[in-house]
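Observations on the model geometry
The lines below spell out each chain.
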Amino acid sequence: EFADPEGPQLGTVAIPGSEIITNCIDPVVVITKNTDLGVSVVEEVEMLAVIDRGDREWAEDDFFIFRTPDNELVIQWSDSNDFEEEGFEILGKVVLCTVPFTDKMIKKATGFMEEDDEN
């Protein structure tokens, strides 16, 4: 819960240390949904995406956060660098995503040891 729902939504999150995070120039974390990134899990969940606002150079195989012509934010992959012609602006590169583990992701036991051992 945020103290001021009308104010800026700011907070702190803990991310395990790694070389990826250490090498970020200007990292920020945004909360997004798995469906926004095309991550398939058994239910819709919120994910944390670490964005490096210091890395705005387009690369074919990477996800970026873009500002749309309507001044909205969208996280997506682009297979070509013609996004600028369409009025999109790169605000940063997605460097890390975390997916929570929920109870619905636990595979249910079948009661047959042979089948359960395979999972």
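None of these values were measured; they are calculated from a predicted model.

Reading the values: the criteria
Residues numbered from 1 in each chain as written. Predicted model: local features only at pLDDT ≥ 70, side-chain atom pairs only at ≥ 80, totals over all residues. Heavy atoms only, no water. Helix = DSSP H or I, 4+ residues; strand = E, 2+ residues; numbered from the N terminus. Buried < 20%, exposed > 50% of the residue type's maximum accessible area, 1.4 Å probe, protein only. Lys, Arg positive; Asp, Glu negative; His and termini not counted. Salt bridge = Lys/Arg side-chain N within 4 Å of Asp/Glu carboxyl O. Polar contact = N/O pair within 3.5 Å; in protein donor to acceptor, adjacent residues only side chain to side chain. Contact = heavy atoms within 4.5 Å. Core = buried A, V, L, I, M, F, W, Y, C linked by side-chain atoms within 4.5 Å. Pairing = 2+ DSSP bridges. Axes fitted to C-alpha atoms, helices over the stretch in contact; angles between N-to-C directions. Patch = residues over 30% accessible without salt bridge, like charges linked within 9 Å, V, L, I, M, F, W, Y side chains within 5 Å. Areas by Shrake-Rupley, 256 points an atom, 1.4 Å probe, with all protein chains shown as cover. Charge placed at Lys NZ, Arg CZ, Asp CG, Glu CD.

1. Comments concerning unusual backbone geometry
Notably, Asn71 is not glycine yet its phi reads approximately 65°, a positive angle. Inspection of the secondary structure assignment puts Asn71 in the loop between β3 (63–67) and β4 (73–77). Residue class for Asn71 comes out exposed when judged on its relative accessible area of 57%.

2. Quick word on the side chain of Asp52
Here Asp52 is to be found in strand β2 (residues 46–52). Buried and unpaired, Asp52 has Arg53 as its nearest opposite-charge partner, separated by 7.1 Å. Of note is the side chain of Asp52, whose polar atom sits 3.0 Å from the backbone nitrogen of Asp26. Discounting residues that sit within four places of it in the chain, Asp52 has contacts with Asn23, Cys24, Ile25, Asp26, Pro27, Gly92, Lys93 and Val95.

3. Section: the nonpolar core
Grouped together as the largest cluster of nonpolar side chains are nine residues: Leu37, Val45, Met47, Ala49, Ile51, Ile65, Ile75, Leu91 and Val94. Looking at this core, the elements that each hand over two or more residues are β2 and β5 (89–98). With residues up to four places along the chain from it excluded, the contact list for Leu37 reads Thr32, Met47, Phe63, Ile75 and Cys97. Counting residues in each nonpolar core, the second largest holds five residues, with Phe66, Phe83, Phe88 and Ile90 among its members.

4. Let's talk about the sheet that holds β4
Read from one edge of the open sheet, five strands run β1-β2-β5-β3-β4, paired in antiparallel fashion. Sheet topology places β1 (27–33) and β4 at the edges, where each strand pairs with a single neighbour. Here the strands of the sheet are splayed against their neighbours by 40° on average, with no regard to which way each runs.

5. Observations concerning the pairing of β4
Consecutive side chains of a regular strand alternate in pointing toward one face of the sheet and then the other. Here five bridges tie β3 to β4, and the two strands are oriented antiparallel to one another. Within β4, the position partnered with Phe64 by the bridge is Gln76. Counting the residues that bridge the hairpin from β3 to β4 gives five residues, and of these Asn71 lies at a positive phi of roughly 65°.

6. Some words on a negative patch on the surface
Taken together, the side chains of Glu60, Asp61, Asp79, Asp82, Glu84, Glu85 and Glu86 present a region of like negative charge at the surface. For Glu85, the position within the fold is in the loop between β4 and β5. Note on Glu85: relative accessible area 73%, which makes it exposed.

7. Brief notes about the pattern of salt bridges
Note on pairing: side chains with opposite charge can pair once their charged atoms come close. For the structure on display, the rule yields five salt bridges. Of the charged contacts in the structure, one is a salt bridge between Lys93 and Asp55, with a shortest N-O distance of 3.7 Å. Taken together, the residues span a long stretch of sequence, with Lys93 in strand β5 and Asp55 in the loop between β2 and β3 at a distance of 38 residues. A relative accessible area of 22% means that Asp55 is categorised as partly exposed. One salt bridge in this structure joins Asp62 and Lys93, with 3.4 Å as the shortest N-O distance. In this pair, Asp62 sits in the loop between β2 and β3 while Lys93 sits in strand β5, placing the two residues 31 residues apart along the sequence.

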